[in-house]
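# Fold and geometry: a report
In case you want the letters, here they are:
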Amino acid sequence: VNATTLTMGETITTAGVVDLNCNTTLSGNITWTNSNYIKTATGKSISCTGNFTQGTGSGTNNKSFMLGGSFTASGSATFTSDVFYYGNTTSSFGSTGTGSFTLAGNFLVGLNGSGAINVISNVSAKNYVCLAGTVNLSAGKFLSSTTGDVVIVGANAVFEDSTVTNSISEYDYTGSRGS
């Protein structure tokens with residue numbers, strides 16, 4: 001989708017890959033059911049003016065959110081898949097109100113250069129994996145309720161190097177690659 005700003009509301013169902021190359025506003029309480037991944041371009045954000053729920057799409061495709069910018073909601077948000085941050089911008093993730101964000105999947109951060117994620121509400125996820133970049137927690141906010149691992153990788157980590165035994169990547173946690 002190429003537009004200056006895209007506004008969508010209520011119930012959204014997408015079957016294929018969704019590439020959002022614009023800032024997107026989701027008006028009201030939203031349920032978005034996707035059968036493939038949703039990706040925002042670097043620096044492009046999604047904001048929801050109510051609560052957000054990711055529905056469970058059909059098929060076995062990767063249904064993750066790949067975010068190059070902020071994802072915020074004025075209420076709570078529930079994701080049935082992974083959320084992966086990439087790019088080199090400073091972005092926000094969380095509720096701008098009193099809600100919290102819940103991920104049935106993983107919260108993955110793989111930022112380039114000076115990229116950072118500002119977590120602005122409480123977030124719970126299966127695993128927290130910071131491969132590269134900075135994760136800032138707002139005052140009184142925290143990452144909670146993990147049922148798996150908390151992985152923080154230092155600057156000297158080796159990523160996806162076939163010559164190194166036990167190199168790591170975000171796919172070690174997601175199990176599937178987006179196209």
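First, a word on scope: everything that follows refers to the structure included in this document.

Calculation criteria
- Residues numbered from 1 in each chain as written.
- Predicted model: local features only at pLDDT ≥ 70, side-chain atom pairs only at ≥ 80, totals over all residues.
- Heavy atoms only, no water.
- Helix = DSSP H or I, 4+ residues; strand = E, 2+ residues; numbered from the N terminus.
- Buried < 20%, exposed > 50% of the residue type's maximum accessible area, 1.4 Å probe, protein only.
- Contact = heavy atoms within 4.5 Å.
- Pairing = 2+ DSSP bridges.
- Axes fitted to C-alpha atoms, helices over the stretch in contact; angles between N-to-C directions.
- Core = buried A, V, L, I, M, F, W, Y, C linked by side-chain atoms within 4.5 Å.
- Polar contact = N/O pair within 3.5 Å; in protein donor to acceptor, adjacent residues only side chain to side chain.
- Phe/Tyr/Trp six-rings, centres within 6.5 Å; stacked < 30°, edge-to-face > 60°.
- Lys NZ or Arg CZ within 6 Å of the ring centre and 35° of its normal.

For the rest of this paragraph, the subject is the overall build of the protein chain. The secondary structure content of the protein chain amounts to 1 helix and 19 strands. Buried residues in the protein chain amount to 44% of all 179 residues. Put simply, 36% of the contacts in the protein chain that link residues at least 6 apart link residues at least 24 apart.

Alignment of strand β3 (residues 23-34) against strand β6 (residues 52-56), held across 5 bridges, turns out to be parallel. Looking at β6, one finds that Trp32 is bridged to Gln54.

Moving on to the sheet that holds strand β10 (residues 83-87). Read across the sheet, 7 strands follow the order β2-β4-β7-β10-β13-β16-β19 without closing on themselves; strand pairing throughout is parallel. In this open sheet, the two strands that pair with only one neighbour each are β2 (18-20) and β19 (150-152). Taking each pair of neighbouring strands and ignoring which way they run, the sheet shows an average axis angle of 10°. The pairing of strand β7 (residues 65-67) with β10 spans 3 bridges and is parallel. Residue pairing across strands places Leu67 opposite Tyr85, the latter belonging to β10.

The biggest cluster of nonpolar side chains holds 30 residues, and the ones touching the most others in it are Phe52, Phe71, Phe79, Phe93 and Phe107. With sequence-adjacent residues up to four places away left out, Phe71 is seen in contact with Ile46, Phe52, Phe65, Phe79, Tyr85, Ser92, Phe93, Gly94 and Phe101. Counting 6 residues, the second-largest nonpolar core is a separate cluster that includes Leu108, Val129, Leu131 and Val153.

For Gly148, the location among the structural elements is in the loop between β18 (143-144) and β19. Beyond its immediate stretch of four places on either side in the chain, Gly148 contacts Lys126 and Asn127.

Moving on to the side chain of Asp82. Residue placement: Asp82 occurs in the loop between β9 (77-79) and β10. For Asp82, the side chain forms a polar contact with the main-chain nitrogen of Asn106, separated by 2.7 Å.

This paragraph deals with the packing of aromatic side chains. According to the stated counting rule, one finds 15 aromatic pairs in the structure shown. Note on Phe93 and Phe107: the rings are 5.0 Å apart at their centroids and 25° apart in plane angle, and the pair reads as stacked. Residue Phe93 is located in strand β11 (residues 90-95), and its partner Phe107 is located in strand β13 (residues 107-111); the two are separated by 14 residues in the primary sequence. As far as the burial class goes, Phe93 and Phe107 line up, both buried. Each member of the aromatic cluster is reached from another via a ring pair, and the members are Trp32, Phe52, Phe65, Phe71, Phe79, Tyr85, Phe93, Phe101, Phe107 and Tyr128. Directly above the aromatic system of Tyr86 lies the positively charged group of Lys39, at a separation of 5.3 Å from the ring centroid.

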